[in-house]
Amino acid sequence: MRLKFTKMHGLGNDFVMLDGISQRIRLSPEKIRRLADRHFGIGCDQVLVVEAPRSPDADFRYRIFNADGGEVENCGNGARCFAKFVRERRLTGKKQLTVETAAGPLKLSLLDSGEVSVDMGAPVLEPEQIPFCADRRAETYPLEVDGEVYTIGAVSMGNPHAVLLVDNVDSAPVDTLGPKIECHERFPQRVNVGFLQIQSRQKARLRVFERGVGETRACGTGACAAMVSAHLRGLVDDSLQIQLPGGTLTIHWGGPEQAVTMTGPATTVYQGQITL
Ligand SMILES: N[C@H](CCC[C@H](N)C(=O)O)C(=O)O
């Protein structure tokens, strides 16, 4: 199978973008892993496949696959890259888009600045919907890992996130604690793990160990989940600048039942073809 692709990134969280409208795409988990492999394939954190919408209310549908081959529900950085991708490929002339994802519809706006703003929908906080095993909904939960108890927030942005507060992200145990929490038994579908350093009520730093990938240079849904968890704990205002290793996202959330808005860049790196 010969595939045309576009390599893109959102703050260094990188993607192989595939137009599934003008080319017929059949991808097994093994083929996804091959595309994502940084030595035997193109190399990326996620593979995104753009398709025609199933609903008349949407402009497109897009599917998201982690580097390990698993399909997931949502991808914030990917949503921004998707919006730029469909404009650049002239699949649409619109600047306001509705896209179907496995987590539901997202509304995206291409801004004159070149950045993209995404209405990420309202966070999900009920443990069984995250999913996370807990007796009741709370702002924070104790989580035991190797005999030590950590305090986490648990939030879904369509995909599951655990959020830990740290004094300094540079010294956070991302590589050691990240994978242990990713596969913790209380997260039956595994989980993305965010390490959040709050600098003020308007600024924070974040590193994310992503489910199915490992640490990435940025995580859009992770930034949204971290903001929600910090807001629930009364630690930040309604608008937060989050600095990730790859750059900064602006996240806005007014409180429970309200949508989270994420704004940031999307970058096209190159186009190519691959035979799988
Ligand atoms: N690893 C995530 C999917 C990609 C999310 C991330 N790249 C973003 O920008 O939100 C998961 O398994 O739920």
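Just so it is clear, the model here is predicted, and its values are computed rather than measured.

### Brief notes about empty space enclosed by the protein
Here is step 1: Here the structure, examined in full by the defined rule, presents 1 cavity of 30 Å³ or more.
Here is step 2: Considering only enclosed or pocket space, the largest cavity measures out at about 100 Å³ in volume.
Here is step 3: Around the largest cavity, the lining comprises 16 residues; the ones closest to its centre are Gln46, Asn74, Asn159, Glu210 and Thr221.
Here is step 4: Every element with two or more residues in the lining of the largest cavity is listed here: β4 (60–66), α2 (76–88) and α4 (220–232).
Here is step 5: Residues belonging to the lining of the largest cavity are distributed by class as follows: 4 nonpolar, 10 polar and 2 charged.
Here is step 6: Residues lining the lining of the largest cavity come from more than one domain, with at least three contributed by each of domain 1 (2–119 + 265–275) and domain 2 (127–258).

### Examining the domain arrangement of the protein chain
Here is step 1: Assigned domains within the protein chain: domain 1 (2–119 + 265–275) and domain 2 (127–258).
Here is step 2: Taken over C-alpha atoms, the centre of domain 1 sits 24 Å from the centre of domain 2.
Here is step 3: Contacts between domain 1 and domain 2 engage 18 residues on the former and 21 residues on the latter.
Here is step 4: Around 1,200 Å² of area is buried between domain 1 and domain 2 when both sides are counted, 47% of it from carbon and sulfur atoms.
Here is step 5: It is Leu11, Glu73 and Asn74 that lose the most area in domain 1 upon contact with domain 2, and together they represent 40% of the buried surface on that side.
Here is step 6: The interface formed by domain 1 and domain 2 holds 2 salt bridges in total.

### Some words on the site of the ligand
Here is step 1: Around the ligand, the structure places 15 residues, and the nearest of them are Asn13, Gly76, Glu210, Arg211 and Thr221.
Here is step 2: The contact in question runs from a nitrogen atom of the ligand to an N or O atom on the side chain of Gln46, over 3.2 Å.
Here is step 3: For the ligand, an oxygen atom lies 2.8 Å from a polar atom in the backbone of Gly76.
Here is step 4: Cavity membership is defined here by more than half of the atoms lying within 2 Å of grid points; on that basis the ligand lies in the largest cavity.

### Brief notes about the UniProt feature "active site" (unreviewed entry) in the protein chain
Here is step 1: The positions UniProt marks with the feature "active site" (unreviewed entry) are Cys75 and Cys219. The largest pairwise C-alpha distance within this set of annotated residues, which runs over 145 residues, is 7.8 Å, so the set is compact in three dimensions. Of the annotated positions mentioned, Cys75 and Cys219 line the largest cavity.
Here is step 2: Mapped onto the elements of the fold, Cys75 is located in the loop between β5 (71–72) and α2.
Here is step 3: If near-sequence neighbours (up to four positions away) are discounted, Cys75 is found in contact with Phe15, Gln46, Tyr62, Ile64 and Thr221.
Here is step 4: Checked against the element boundaries, Cys219 lands in the loop between β14 (214–216) and α4.
Here is step 5: Classification of Cys219 as buried rests on a relative accessible area of 3%.
Here is step 6: Leave out the neighbours within four places in its chain, and Cys219 touches Asn77, His161, Val208, Glu210, Leu244 and Leu249.

### Looking at the nonpolar core
Across soluble globular proteins, nonpolar side chains have a tendency to be buried as a group.
Here is step 1: Core analysis: the biggest nonpolar cluster contains 52 residues, and Phe82, Leu108 and Ile251 have the highest contact counts within it.
Here is step 2: Built from parts of two domains, this core gets at least three residues from each of domain 1 (2–119 + 265–275) and domain 2 (127–258).
Here is step 3: With residues near it in sequence (within four places) discarded, Leu108 still touches Ala79, Arg80, Phe82, Ala83, Lys95, Gln96, Leu97, Val99, Val116, Ser117 and Val118.

### Details of the pairing of strand β2 (residues 13–19)
Here is step 1: Within β2, 7 of the 7 residues are buried, leaving the element largely enclosed by the surrounding structure.
Here is step 2: Here β2 shows no split at all, with Asn13, Phe15, Met17 and Asp19 on one side and Asp14, Val16 and Leu18 on the other all buried.
Here is step 3: Bridging between strand β1 (residues 2–10) and β2 involves 5 bridges; their strand directions are antiparallel. Of the residues in β2, the one forming a bridge with Gly10 is Asn13.
Here is step 4: Here β1 hands over to β2 after 2 residues, with Leu11 in that stretch at a positive phi of 55 degrees.
Here is step 5: The sheet contact formed by β2 and strand β3 (residues 46–51) spans 5 bridges and is parallel. Across the sheet, the residue bridging to Val16 is Val47, located in β3.
Here is step 6: Where the polypeptide runs from β2 across helix α1 (residues 29–36) and back to β3, its parallel neighbour, the crossover connection is right-handed.

### Overview of unusual backbone geometry
Here is step 1: The omega angle of the peptide bond from Ile130 to Pro131 is -5 degrees, so this bond is cis rather than trans.
Here is step 2: Take Pro131: it is sitting in the loop between β8 (116–119) and β9 (141–145).
Here is step 3: The phi torsion at Arg90 lies on the positive side, around 55 degrees, for a residue other than glycine.
Here is step 4: You can see Arg90 is positioned in the loop between α2 and β6 (96–101).
Here is step 5: You can call Arg90 exposed: its relative accessible area is 74%.
Here is step 6: Positioned with a positive phi, Arg190 is a non-glycine residue whose angle comes to about 65 degrees.
Here is step 7: Checked against the element boundaries, Arg190 lands in the loop between α3 (174–182) and β12 (192–198).

Calculation notes
Residues numbered from 1 in each chain as written. Predicted model: local features only at pLDDT ≥ 70, side-chain atom pairs only at ≥ 80, totals over all residues. Heavy atoms only, no water. 1 Å grid on protein atoms, 1.4 Å probe; cavity = no way out; pocket = protein on both sides within 12 Å on 5 of 7 lines; lining within 4 Å. Points joined across faces, edges and corners; volume = space filled by probe spheres on them. Helix = DSSP H or I, 4+ residues; strand = E, 2+ residues; numbered from the N terminus. Nonpolar A, V, L, I, M, F, W, Y, C, P; charged D, E, K, R; others polar. Domains from an automatic or database assignment. Contact = heavy atoms within 4.5 Å. Buried area = accessible area lost by both parts, 1.4 Å probe. Salt bridge = Lys/Arg side-chain N within 4 Å of Asp/Glu carboxyl O. Near = heavy atom within 4 Å. Polar contact = N/O pair within 3.5 Å; in protein donor to acceptor, adjacent residues only side chain to side chain. Sits in = over half its atoms within 2 Å of the grid points. UniProt positions renumbered as here; feature names shortened; annotations may be inferred. Buried < 20%, exposed > 50% of the residue type's maximum accessible area, 1.4 Å probe, protein only. Core = buried A, V, L, I, M, F, W, Y, C linked by side-chain atoms within 4.5 Å. Pairing = 2+ DSSP bridges. Right-handed = clockwise from strand over helix to strand, strands pointing away.

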